[in-house]
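Breakdown of the fold
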Amino acid sequence: MNPQALLIFTMSLLLGSSTVISANHWIMAWAGLEINTLSILPLISKTHHPRAVEASTKYFLVQAAASTLLLFSSMTNAWFTGQWDITQLTHPMSCIMLTAAISMKLGLVPFHFWFPEVLQGSSPMTSLLLATAMKFPPTVLLILTSPSLNYTLLSLMAIASTALGGWMGLNQTQIRKILAFSSISHLGWMTIILIYNPKLTLITFYLYSLMTAAIFFAINITNTLKLSTVMTAWTKIPSLTAMLMLTLLSLAGLPPLTGFLPKWLIIQELTKQELTVTATVMALLSLLGLFFYLRLAYCATITLPPNSTNYMKHWQTDKSVNTPAAVLTMLSIMLLPLSPMIMTTP
């Protein structure tokens, strides 16, 4: 892609996200989401591959429908209450429509169908944007309106997302699809605690973005997109593949890695709110995700593929050492000791 065009689209993404985050009026938030959608479409379809064009079309249709529903929700609320302020969403029908609109934008169950397909059709770096940065503005809107939302509906969607993200990831062989279902599962964890502790939702989102970025950088460097190619990736950069295994286990939530922190805090908060059954169900459903992360880690570091023909091993890649990948990987593994500081931040 032309560097000037890439710069324009990147700046537009920053502008759209900043507009949503700083907005008080529903029309401003809607405009920011639209800028985001229009900025990411050329990045999805930049390879001109039929699958990429299909992914960008699906993304556009889903996001347009979600934006329409969000605008309709805010207009209904303004019609009944006279309020355009984001934090003053009080009409029950508006709250339900907004929950549906934001869920569609994020990819929460039952509006998740588009997300794995769009990620599969995008390049690894665009997939990273879709799984992390593009989900931040809708998450902020969800947090701002959280006092007005229906907790029963959110809980059902959160448990369904965690369950489906785990179940559907079990049978996948494409890494981007596995990470898409991982994203759906993590969204369930963020949503379940939204009403009780919005700050914890943000912490979970930040740590999830950190770990996902480390994994996408690793698969971009080693150019591995399927489980079968992960098995041969150890010949390129053995140290990076070993660190990839630890990052995957961190994303699964195993102690003493960074990913254990949000799950631990969420289960602790749910128990404090006397939602022991919900906490138990969420903890059990996270085992499904653990299985496919372990399978990915096993393929990356422990399995050797059957070689019927002799071929030259590639002991290093053409690319230079990637500093962002190294920094993100270390943060994805070693942040758990900082948990007291994270818990005490206002």
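What counts, and where the lines are drawn
Every chain begins its residue count from 1, and numbering advances along the sequence as written. Confidence filtering applies because this is a predicted model: local features only for residues at pLDDT of at least 70, side-chain atom pairs given and counted only at 80 or more, and all residues used for totals across whole chains, interfaces and linings. No hydrogens and no water enter the side-chain calculation; it runs on all heavy atoms of the structure. Lines fitted to C-alpha atoms define the axes here, with helix axes fitted over just the stretch in contact, and angles between the N-to-C directions of these axes take values from 0 to 180 degrees. Each helix is a run of H or I in the DSSP string that is no shorter than four residues. Each strand is a run of E no shorter than two, and both are numbered from the N terminus. Crossings are assigned a handedness: left-handed for a near helix turned anticlockwise from the far helix by less than a right angle, right-handed for a clockwise turn. In this description, contact between two residues means that some pair of their heavy atoms is separated by no more than 4.5 Å. Each residue receives one of three labels: charged for Asp, Glu, Lys and Arg, nonpolar for Ala, Val, Leu, Ile, Met, Phe, Trp, Tyr, Cys and Pro, and polar for the others, Gly being one of them. One side-chain nitrogen of Lys or Arg within 4 Å of one carboxyl oxygen of Asp or Glu is enough to make a salt bridge. Residue exposure (1.4 Å probe, protein chains only): buried if accessible area is under 20% of the type maximum, exposed if over 50%, otherwise partly exposed. Boundaries between domains were set according to an automatic or database domain assignment. Defined here as a combined quantity, buried area equals the accessible surface (1.4 Å probe) lost by two parts on assembly, summed across both. Distance and chemistry together define a polar contact, namely a pair of N or O atoms within 3.5 Å, with one atom able to donate a hydrogen and the other to accept it when in protein, and with adjacent residues in sequence counting only for side-chain atoms on both sides. Each nonpolar core is a collection of buried residues, namely Ala, Val, Leu, Ile, Met, Phe, Trp, Tyr and Cys, held together in the definition by side-chain atoms within 4.5 Å. Throughout, the term roughly parallel applies to angles under 35 degrees, roughly antiparallel to angles over 145, roughly perpendicular to angles from 65 to 115, and oblique to all others. Stacked, tilted and edge-to-face are the three classes applied to pairs of Phe, Tyr and Trp rings, where Trp contributes its six-membered ring and a pair requires centres within 6.5 Å; stacked means planes under 30 degrees apart, edge-to-face means over 60, and tilted covers the rest. For a ring to carry a charge above it, either NZ of a lysine or CZ of an arginine must fall within 6 Å of the ring centroid while also lying within 35 degrees of the normal to the ring plane.

**Brief notes about the packing of helix H5 (residues 114–121) against helix H9 (residues 175–192)**
Where H5 contacts H9, the two axes come as close as 8 Å, and the packing angle between them is 145°. Along this stretch, H5 crosses H9, giving a crossing that reads as right-handed. Residues Phe-115, Pro-116, Glu-117, Leu-119 and Gln-120 of H5 touch H9, and the partners they reach there are Arg-176, Lys-177, Ala-180, Phe-181, Ser-183 and Ile-184. Residue classes in the contact of H5 with H9 are distributed as six nonpolar, two polar and three charged.

**Things to note about the pattern of salt bridges**
Tallied over the full model, the rule gives two salt bridges. Residues Glu-54 and Lys-58 are paired through a salt bridge, measuring 2.9 Å at the closest nitrogen-oxygen approach. Taken as a pair, Glu-54 and Lys-58 lie in helix H3 (residues 50–81) at a separation of four residues, close to a single helical turn. Close ionic contact of Glu-117 with Lys-177 constitutes a salt bridge, the shortest N to O distance being 3.3 Å. Separated by 60 residues along the polypeptide, Glu-117 in helix H5 and Lys-177 in helix H9 bring together distant segments of the chain. The exposure class assigned to Glu-117 is partly exposed, which follows from its relative accessible area of 29%.

**Quick look at the domain arrangement of the chain**
Domain assignment breaks the chain into domain 1 (1–122) and domain 2 (150–308 + 318–345). The interface is formed by 15 residues belonging to domain 1 together with 17 residues belonging to domain 2. Both sides of the domain 1 and domain 2 interface together cover about 1500 Å² of buried area, and 72% of this is carbon and sulfur. Area buried by domain 1 at its contact with domain 2 is led by Leu-108, Val-109 and Gln-120, which between them contribute 39% of it. Viewed at the interface, domain 2 and domain 1 are joined by one salt bridge. Run the count over domain 1 and domain 2 and you get five residue pairs in polar contact (both at pLDDT 80 or more). The element best represented in the side of domain 1 that touches domain 2 is H5, accounting for five residues. Looking at the side of domain 1 that touches domain 2, its residues break down into eight nonpolar, six polar and one charged.

**Let's talk about the nonpolar core**
Membership of the largest hydrophobic core comes to 96 residues, with the highest contact counts inside it found for Tyr-59 and Leu-141. Here this core takes 15 residues from helix H10 (residues 198–222), the largest share from any one element. Built from parts of two domains, this core gets at least three residues from each of domain 1 (1–122) and domain 2 (150–308 + 318–345). When neighbours within four sequence positions are excluded, Tyr-59 is seen to be in contact with Thr-37, Ile-40, Leu-41, Ile-44, Trp-114, Val-118, Leu-130 and Met-134.

**So, the packing of helix H2 (residues 26–44) against H3**
Interaxial distance between H2 and H3 falls to 10 Å at its minimum, and their mutual angle equals 175°. Taken together, the axes of H2 and H3 lie roughly antiparallel to each other. Contact residues: H2 offers Trp-26, Ile-27, Trp-30, Leu-33, Glu-34, Thr-37, Ile-40, Leu-41 and Ile-44, while H3 offers Ala-52, Ala-55, Ser-56, Tyr-59, Phe-60, Gln-63, Ser-67, Leu-70, Leu-71 and Ser-74. By residue class, the composition of the contact of H2 with H3 is 13 nonpolar, five polar and one charged.

**Remarks on the environment of Ile-44**
Within the secondary structure layout, Ile-44 lies in helix H2. Here the alpha-carbon distance between Ile-44 and Thr-99, two residues 55 residues apart in the chain, equals 26 Å. Those residues in contact with Ile-44 that lie beyond four places of it in its chain are Ala-52, Ala-55, Ser-56, Tyr-59, Val-118, Gly-121, Ser-122, Thr-126 and Leu-130.

**Brief notes about unusual backbone geometry**
Negative phi values dominate among residues other than glycine, just as trans dominates among peptide bonds. In this structure, the amide linkage connecting Val-109 to the following residue, Pro-110, adopts the cis form with an omega of 5°. For the bond from Pro-255 to Pro-256, the omega torsion is 5°, close enough to zero to count as cis. Looking at the element boundaries, Pro-256 is found in the loop between helix H12 (238–252) and helix H13 (260–272). Despite not being glycine, Asn-223 shows a phi value in the positive range, around 55°. Mapped onto the secondary structure, Asn-223 falls in the loop between H10 and helix H11 (227–230). Classification of Asn-223 as exposed rests on a relative accessible area of 55%.

**Observations regarding the packing of aromatic side chains**
The geometry of an aromatic ring pair is captured by the separation of the ring centres together with the interplanar angle, meaning the angle of the planes. If you walk through the whole model with that rule in mind, you get eight aromatic pairs. Both rings, one in Phe-136 and one in Phe-205, keep their centres 5.6 Å apart while their planes meet at 25°; by these two values the pair is stacked. Residue Phe-136 is located in helix H7 (residues 136–144), and its partner Phe-205 is located in helix H10; the two are separated by 69 residues in the primary sequence. Ring geometry for Tyr-151 and Tyr-196: centres 5.0 Å apart, planes at 70°, overall edge-to-face. Residue Tyr-151 is found in helix H8 (residues 151–169), and its partner Tyr-196 is found in the loop between H9 and H10; the two are separated by 45 residues along the sequence. Taken together through their ring pairs, the aromatic side chains of Tyr-59, Trp-114 and Phe-115 make up a single cluster. The positively charged end of Lys-135 is found above the aromatic ring belonging to Phe-115, 3.7 Å away from the centroid. Just above the ring of Trp-189 sits the side chain of Lys-263; from NZ or CZ to the centre is 5.3 Å.

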